[in-house]
Amino acid sequence: MSALGSSAARSDGPVKVRGQARYTVDVEVSGMLHCVIARTTVAAGRIIRLDVSKARALPGVHAVITALEAPTHRTGLAVNDQPIFASTYISYEGEPIAAVAADTKAIARRAVELIEFEFEETIPMVDLDESVAEGARLVHPDWQTFSLVAPCERYDNVAGEVFADPQGVDSAFAQAAHVVVDEYQVGRQYQAYLEPKAVVAEYVSGRYLIQISHQYPFSLRNRLAAALGVRSSDVRVIGHHIGGGFGGKLDLGIEPYAALLAKVTGRAVKLVQERTEDLITCPSRENAIIRIRSAVDVDGKVLGRDLDVLLDSGAAAGDTPYLCSIALFMAGGAYRIGPTRVRARAIYTNTAPTGAFRGVNGTYLIFAVERHLDHIAEVVGVDRMAIRLANILNDGDKLLSGQTLDDASILGEAFAEVEKVAPWVMETRPPSTDSTSVLRGIGIAATPWLTNSMPGEATLRLADDGTICLISAANDNGSGAVTMGLRQIAAEEFDLSVEDVTTTLPDTDTQGFDGGSQGSRTTHVVGRAVHESAIKLRQKIFDVASKHFEVDVTDLEIVAGAVGVLGVPSLRLPLAEVAMIARRTVGSLGATASYAPALPSYDPSCATGFLFTTFPNPTYHVHLAEVEVDQVTGNVSVTRYIVAQEVGKAINPAGVYGQIQGAVTQGIGYALYEGIDIGNDGRYQQRTLASYRLPLAPDIPRVEALLLEHPNPNGPFGAKGVAEPPIVPVAAAIGNAISNAVGYQITSLPIRPNDVLDAIEAGRKMRQK
Amino acid sequence: MRLSLRVNSQDYAADVEPGTSLLDVLRDELHLTGTKEGCVEGECGACTVLVDGRPLDACLVAAHGLEGTEVTTIEGIGTADSMSSLQKAMVEAGGVQCGFCTPGIVMTLTALIAESPNPTEHEIRVALAGNICRCTGYAQIVDAVLAHTSELQIASKDTM
Amino acid sequence: MTFLTARSTEQAVSELALRGDELLVLAGGTDVMVQYQRREIQHSSWLQIRRIKELQRIDIATGDRLNIGALTSHRVISLDPLVARWAPALATACSTVGGWQTQEAGTIGGNICNASPAADLAPPLLAADATVTLMSSRGSRTMPLSEFILGRRSTARQPDELATALELKPLPDRAGEVYLKLGPRRAMEVALVGLAVRLMFDDDGVVIDARVAVGSVAPAPFRSQEAERALIGSRFNDVAAIEAAAAALTADAAPIDDARAPAVYRRRVLSPLLARAIAQCQNQTIRN
């Protein structure tokens, strides 16, 4: 019986559908207190006075902490620039200045209102060009005192810079038949997981116990320990079901406040964020400005390119110095380009620190590259599909980092698969001049994407009843990678039904390192670790059985949860009996394996500031979007959406489909609905789910998913990472479709109805000339 | 101020301030944590419960005004031993990922099917407009309802 | 701190007479509870009126006017056959408020008394010459809806009064009406523009009367009487009349920028949206 390739139901499905799954927000610990964080209401300023005495005196308040009661050193992922509390200056709206622990949340809130906070407002740095200009006011006047975690190239308001400047760029421009220039502006995207951030912290016997819905428990342990100034083994992280993460629950966040209050009060402390608080302080996908110039020949082939990206880090660098490197991988997208200069800078501003959201900056880099390609096609007068097929990457082509893509020809196959279900029609007519008709358009976008290669460990134990315990700190923020994929892989190894494999939630005390639920790595990396430990465990099982049957291990097989002797059907030893025999003889049976994917080679001299250096286990993607545009309202309807995606091996087709449909839906939100406007005051104008619009059921089409399977020899049964990449080309495909519909090049995200009407008008004016 | 409440066919009493929401009473006083809090402004639907069979956002219902009504929460769907067939269909169709929106969605869909045993895809999507799902993109949730109602149809034909 | 659930109009009215200015009146809660959770209002005394059964009804009243109890839910109104026949624009508007949950909780009286500039039900009610009936211990009074809504979240309701019914002029024969709601998604939107148009024709297809009512482009929803005048006497597809009406409507509108959309968007959409509404009214009339 084979578990692989079946759409086996996830093991945690029943508890979730019954409302019995415990998320951190559901955790109750006897005697626990409630924490509310006091946050700044302005984006920049000098702190004059902070007086929490009235808050401390409020009945029901157990403790109030500020920078005076907390460690004052700064920490971070790339630059140590983030304090627990602001103390001398304010760097963004919502920055914590104090935290209260009280008997009830209502009392804690009341205490926050009693805090006296005096500050002198200063003009916040918000605009990216202004922040990066010479002589710009420094967001962090003391930036030079911030130590580095990674060797970032940084100066003034630049937290990190990647710069690649190979030979041949300027001469390409000198020889070009055309030079096409574009600038793209993209806004932030909030992860908007349904479960707000929450944590329950205790300080017991000198150690911090943290209960949390977190995508990366081991990293959190280290980051929290560093922030608190303790050893990482003084922190234990226990993971609960995650009510969505998408990258927003990948790093350190609100944990230090609950942890410190737990130590001070001697009680458990629970902190649950309110939605507005969560929205305005979440490490959202950053806003950015992308400037791209291409030298092209008469056919639209890119002879050379210049790409300049400004990424908004917000008030803390976070992971953005690493994300600058992604610009190097994405500079050509799915296509061959000549020598390319790339400059990507992560910029400090007085806004909430940004961070990782599914696809990171791939979503806007591919938007820029693909929009630009449609523009090139228009300039040189070549069909948009023809120009792509003529320049598409192939086996052996290299990324700008020097890494070779051995299997890039899969892109061509993906295009062919899309063509089968949506034959491309070359079109020559401009949009209708009837101002009341519906405008229709088609857009195509493609991309390679990577599989995160952080290592992972798994242990398999044979239980007394012949079932298998799969023990790992791997978690999924909904994808089912653990409760479907890993479980199926383990079941396959022992020819069991998936119901006979149990999985665990994370606990950093009892499990080995796992690199977190990110970058689609879990099925691939941890699946491989499961596969490796299964091989070891099977060997131990065979050792026991071979002694029992008095045959050689090579004569044994596992069929339907029992060890059998090849060719002798009457000899069967159920795994439960193997477990009992082992107990009496060699002890209980288990095996552990770790997998750290080999990293592809690259050219370290390709760029300065290059921190995220490889594009491991690439996958390939082609998306096609059809849209209808209402000329009266500017509303856009996505009427058809096709994804052709390379998955290696679809361990669970329903799970794969769920990731694709879900990612495309987030991409549609990014393209059309989800906008955060940041005012000159550095504050978010959209602060609730009423104005931060998420896609709803009546708005979203069914995605047609065409899966390509070229098994990856490194992946378990050939599987590659599936869950992250389907969001990456969505805004590009939709942007291309809308531009096609209205006859004007769209250059910003989100593409809101007013932007659509602007484009329709501009296109009409242009054609009248 | 005292209040009485009937939830999942059981009577409860509580003592909370006027204006306290049904959601807070369910979670904090009755410890029925299946109903989730996502936004406290009636946007996300994670707190959907049934009051006399009608789907409402519990975060916007004042707990004190409910004497004489029957409140049904996710804990009241199915039996102690088994899920409802709609719940089963949700799991089988892949309609559950992180699961945080799921209880609210099950409540809305339970009400939909009671009212309209054979809804079209469009009707299902319109019924779900007040329930945000950030993970699935909705298609497999719709699939679950369609599979479930067609199974019901087949079952009812068998008994005719 | 008190919370009283009224079970009859009489009970509610007598409570309001005693302490109307201290009481927070709660119907569906879709606005009041949000404000309370955000700590924008602080009341210690609540009067829940949502459970008053006698105010949840829809009838044809004397004089053929459609009479709707103030506590009838959006959901019930959107599905009611009388409303579908006699006030289809109102049925549409009720079906666009939030999502299913909002429509079950929310009421027509709540929508009107909350008086958001974007209240979905106001434009179709204005286009149907609706009146509001208010009851108090001092008696009862009925006034045109246009006089009831005074401005942003401000009405003529006195603290001791309870809104009990809305009454509308039914859609006549040879007439059509629509409610068009502007918003990027198909549900859960606060209207960026809410436009109701009712056109009444004679046997020759000439417009004999018109109502053009709009929300979200001023502190309160209003009728554009200039736009209405421009349409009277016009025939089907009278481009000049439509343009004049659109110009009048746009001139009457004063939209603002907010977190949901810029003013320029609301303003530029008014003309083509009005043209679309007029065309749909015409088509509806032809079909009926």
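The shown structure was predicted, so the numbers you read here are calculated from the model rather than taken from an experiment. (Residues numbered from 1 in each chain as written. Chains lettered and ligands numbered in written order. Predicted model: local features only at pLDDT ≥ 70, side-chain atom pairs only at ≥ 80, totals over all residues. Heavy atoms only, no water.)

Asker: What exactly am I supposed to notice about the interface of chain A and chain B here?
Answerer: Interfaces are often sized by the accessible area lost when the parts come together. Across the contact, 48 residues belong to chain A and 48 residues belong to chain B. For the pair chain A and chain B, the summed buried surface comes to about 3,700 Å²; carbon and sulfur atoms form 56% of the total. When the shortest N-O distance is used, the salt bridge between Lys36(B) and Asp26(A) registers 2.7 Å. For the interface between chain A and chain B, the tally reads 29 residue pairs in polar contact (both at pLDDT 80 or more). Going through the elements one at a time, helix 1 (13-17) and helix 16 (653-673) of chain A are the ones with two or more residues in the side of chain A that touches chain B. Here the element with the most residues in the side of chain A that touches chain B is helix 16 of chain A; it accounts for eight residues. Among the residues forming the side of chain A that touches chain B, the class breakdown is 24 nonpolar, 15 polar and nine charged. (Contact = heavy atoms within 4.5 Å. Buried area = accessible area lost by both parts, 1.4 Å probe. Salt bridge = Lys/Arg side-chain N within 4 Å of Asp/Glu carboxyl O. Polar contact = N/O pair within 3.5 Å; in protein donor to acceptor, adjacent residues only side chain to side chain. Helix = DSSP H or I, 4+ residues; strand = E, 2+ residues; numbered from the N terminus. Nonpolar A, V, L, I, M, F, W, Y, C, P; charged D, E, K, R; others polar.)

Asker: What am I meant to see in the packing of helix 6 (residues 217-228) of chain A against helix 7 (residues 255-265) of chain A here?
Answerer: For any two helices packed against each other, the geometry is given by the interaxial angle and the distance between the axes. Residues and elements named next belong to chain A. Packing of helix 6 against helix 7 brings their axes to within 10 Å, and their N-to-C directions diverge by 60°. One way to sum up the angle between helix 6 and helix 7 is to call them oblique. In the packing of helix 6 onto helix 7, the handedness of the crossing is right-handed. Side by side, helix 6 and helix 7 meet where Leu220, Leu224 and Leu228 of the first sit next to Glu255, Pro256, Ala259 and Leu260 of the second. Broken down by class, the residue content of the contact of helix 6 with helix 7 amounts to six nonpolar, no polar and one charged. (Axes fitted to C-alpha atoms, helices over the stretch in contact; angles between N-to-C directions. Parallel < 35°, antiparallel > 145°, perpendicular 65-115°, else oblique. Left-handed = near helix turned anticlockwise from the far one by under 90°.)

Asker: Quick question: what am I supposed to make of the sheet that holds strand 14 (residues 222-223) of chain C here?
Answerer: Pairing between sheet strands relies on hydrogen bonds along the backbone, with the strands arranged either parallel or antiparallel. Here four strands make up an open sheet; going across it, the order is 11-12-13-14 (chain C) and the pairing antiparallel. Taken across any chain shown, the strands that pair with only one partner, and hence form the sheet edges, are strand 11 (175-182) and strand 14 of chain C. (Pairing = 2+ DSSP bridges.)

Asker: What should I look at first to understand the interface of chain C and chain A in this one?
Answerer: Between chain C and chain A, the residue contacts involve 21 residues of the former and 24 residues of the latter. Taking both sides of the interface into account, the surface hidden between chain C and chain A amounts to around 2,000 Å²; carbon and sulfur atoms contribute 47%. Three residues stand out in chain C for area buried against chain A, namely Arg185(C), Arg186(C) and Arg268(C), and they jointly supply 33% of the buried area on that side. Scanning the region where chain C abuts chain A turns up five salt bridges. Across the pair Arg268(C) and Asp758(A) runs a salt bridge, and its minimum N-O distance is 2.7 Å. Element by element, the count of residues in the side of chain C that touches chain A is highest for helix 12 (residues 263-287) of chain C, at seven residues. Counted by class, the side of chain C that touches chain A contains twelve nonpolar, one polar and eight charged residues.

Asker: Before we go on, may I ask you to explain unusual backbone geometry in this structure?
Answerer: Across the chain, the bulk of peptide bonds are trans and the bulk of non-glycine residues have phi less than zero. A cis amide bond links Leu749(A) to the next residue, Pro750(A), at an omega of -5°. Along the chain, the position of Pro750(A) falls in the loop between strand 29 (748-749) and helix 18 (753-768). You will see that Arg174(C), though not glycine, has its phi angle at about 55°, which is positive. Within the element layout of this structure, Arg174(C) appears in the loop between strand 10 (162-168) and strand 11. We classify Arg174(C) as partly exposed; its relative accessible area is 45%. (Buried < 20%, exposed > 50% of the residue type's maximum accessible area, 1.4 Å probe, protein only.)

Asker: Looking at this model, I keep getting lost on a negative patch on the surface. Mind explaining?
Answerer: A surface patch of like charges, here negative, comprises Glu28(A), Asp15(B), Asp28(B) and Glu29(B). Within the secondary structure, Glu28(A) is located in the loop between helix 1 and strand 1 (33-39). We classify Glu28(A) as partly exposed; its relative accessible area is 44%. (Patch = residues over 30% accessible without salt bridge, like charges linked within 9 Å, V, L, I, M, F, W, Y side chains within 5 Å. Areas by Shrake-Rupley, 256 points an atom, 1.4 Å probe, with all protein chains shown as cover. Lys, Arg positive; Asp, Glu negative; His and termini not counted. Charge placed at Lys NZ, Arg CZ, Asp CG, Glu CD.)

Keep in mind that these numbers describe shape and distance, not what the molecule does.
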